[in-house]
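An overview of the molecular structure
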Amino acid sequence: MTRLDGNRIYLRPHEMRDKAVIFAGSAEPEGGRLTGTQGTFTMAQIEAYIDRNSTDDSRAGWVICTLDDTVVGEVVINQIDTDNRSANIRIGMFDPQYFGKGYGTEAMRLALDYGFGVLRLHRISLGVYDFNPRAIHVYENKLGFRREGVLRDALLWDGDYHDEIIMSLLEHEWRGD
Ligand SMILES: CC(C)(COP(=O)(O)OP(=O)(O)OC[C@H]1O[C@@H](n2cnc3c(N)ncnc32)[C@H](O)[C@@H]1OP(=O)(O)O)[C@@H](O)C(=O)NCCC(=O)NCCS
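Residues numbered from 1 in each chain as written. Predicted model: local features only at pLDDT ≥ 70, side-chain atom pairs only at ≥ 80, totals over all residues.

To continue, consider the overall build of the protein chain. Within the protein chain, the secondary structure is distributed over six helices and eight strands. When the helices and strands of the protein chain are listed from N to C terminus, the series reads β-β-α-α-α-β-β-β-α-β-α-β-β-α. Relative to its length of 177 residues, the protein chain is compact, with a C-alpha radius of gyration of 16 Å against a globular reference of 16 Å. For the protein chain, the proportion of its 177 residues judged to be buried stands at 29%. Taking the contacts inside the protein chain whose residues are at least 6 apart along the sequence as the reference set, 59% of them involve residues at least 24 apart. (Helix = DSSP H or I, 4+ residues; strand = E, 2+ residues; numbered from the N terminus. Rg over C-alpha atoms; globule rule 2.2 N^0.38 Å. Buried ≥ 20, exposed ≤ 12 C-beta atoms within 10 Å, placed from the backbone. Contact = placed C-beta atoms within 7 Å.)

Right, let's get into helix α4 (residues 103-118). The end-to-end C-alpha separation of α4 is 22 Å, in line with the 22 Å expected for 16 residues at 1.5 Å each. Among all positions of α4, only Tyr-103, Gly-104, Ala-107, Met-108, Leu-110, Ala-111, Leu-112, Gly-115 and Phe-116 are buried. A positive backbone phi angle near 60° is found at Arg-120, which sits one or two residues after α4. (Expected span 1.5 Å × (residues − 1).)

With respect to topology, eight strands assemble into an open sheet ordered β1-β2-β3-β4-β5-β6-β8-β7, the strand pairing being mixed. Two strands close off the open sheet at either side, each with one partner strand: β1 (4-5) and β7 (146-157). By the bridge criterion, two bridges tie β1 to strand β2 (residues 9-12) in an arrangement that is antiparallel. What sits directly across from Asp-5, in β2, is Tyr-10. Together, β1, β2, β3 (60-66), β4 (71-81), β5 (86-93), β6 (123-129) and β8 (160-170) form the strand contacts of α4, whose direction differs from that of β4 by roughly 30°. Helix α5 (residues 133-142) contacts β6 and β8 of the sheet and is inclined by roughly 155° relative to β6. (Pairing = 2+ DSSP bridges. Axes fitted to C-alpha atoms, helices over the stretch in contact; angles between N-to-C directions.)

Looking now at the nonpolar core. By size, the foremost hydrophobic cluster in this structure holds 37 residues, and its most contacted members are Leu-11, Ile-64, Val-72, Val-75, Ala-107 and Ala-111. Elements with a minimum of two residues in this core: β2, β3, β4, β5, α4, β6, α5 and β8. For Val-75, the contacting residues outside a window of four places in its chain are Leu-11, Trp-62, Ile-64, Ile-91, Ala-107, Met-108 and Ala-111. (Core = buried A, V, L, I, M, F, W, Y, C linked by C-beta atoms within 7 Å.)

What follows covers the site of the ligand. Lining the immediate environment of the ligand, one finds 22 residues, of which Leu-34, Gly-104, Thr-105, Pro-133 and His-137 sit closest. Sorting the residues of the shell around the ligand by element identifies α2 (29-35), β5, α4 and α5 as the ones contributing at least two each. The biggest single contributor to the shell around the ligand is α5, with six residues. When grouped by side-chain class, the residues that make up the shell around the ligand number nine nonpolar, ten polar and three charged. (Near = placed C-beta within 6 Å. Nonpolar A, V, L, I, M, F, W, Y, C, P; charged D, E, K, R; others polar.)

Structure below.
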């Protein structure tokens, strides 16, 4: 994986030195709620996860860094299916102090450029819960993802069911053809 440079952030591959910040991010309650992350991770699981990001051909993952080299989140293209030129993408900031600063939109743009340009993907999809209007706004209005459908009651969180909205972006839509 290569480093991808933006204006206010850059993306670089996961490294073992990131394990503490990824571990802390994985235990952060608001990010966990917004991503519907059930359960917790051990440090050994985080280490295995970092390893997987550099060895698994079905993934392309990066940590998101500000220009002063602070690691603020991660973005991962996963489930890469070369036969059908499709993949999934997910993103998360590691702490709410980093929400709403434009980092997520810029990180998604860099990763999508890589996915469509370098990986030659045709389709990139994602799932987002119905209680996450910030992410929905970024995906639909800022990046051009289109809604495909709804997985009804896909998440059981604190005793309530929530829908997961499935969205995708196709290569010609990203290029603006
Ligand atoms: C979702 C996420 C990646 C977006 O990244 P970000 O850096 O916070 O987003 P940005 O600052 O680039 O853009 C936020 C946009 O949402 C808008 N926004 C913020 N709160 C909003 C709300 N409640 N409803 C609608 N739009 C909202 C902002 O105004 C901004 O849009 P604008 O530039 O048109 O004004 C980030 O907030 C995050 O990591 N959230 C927690 C984990 C998560 O939800 N991951 C996605 C799971 S699918």
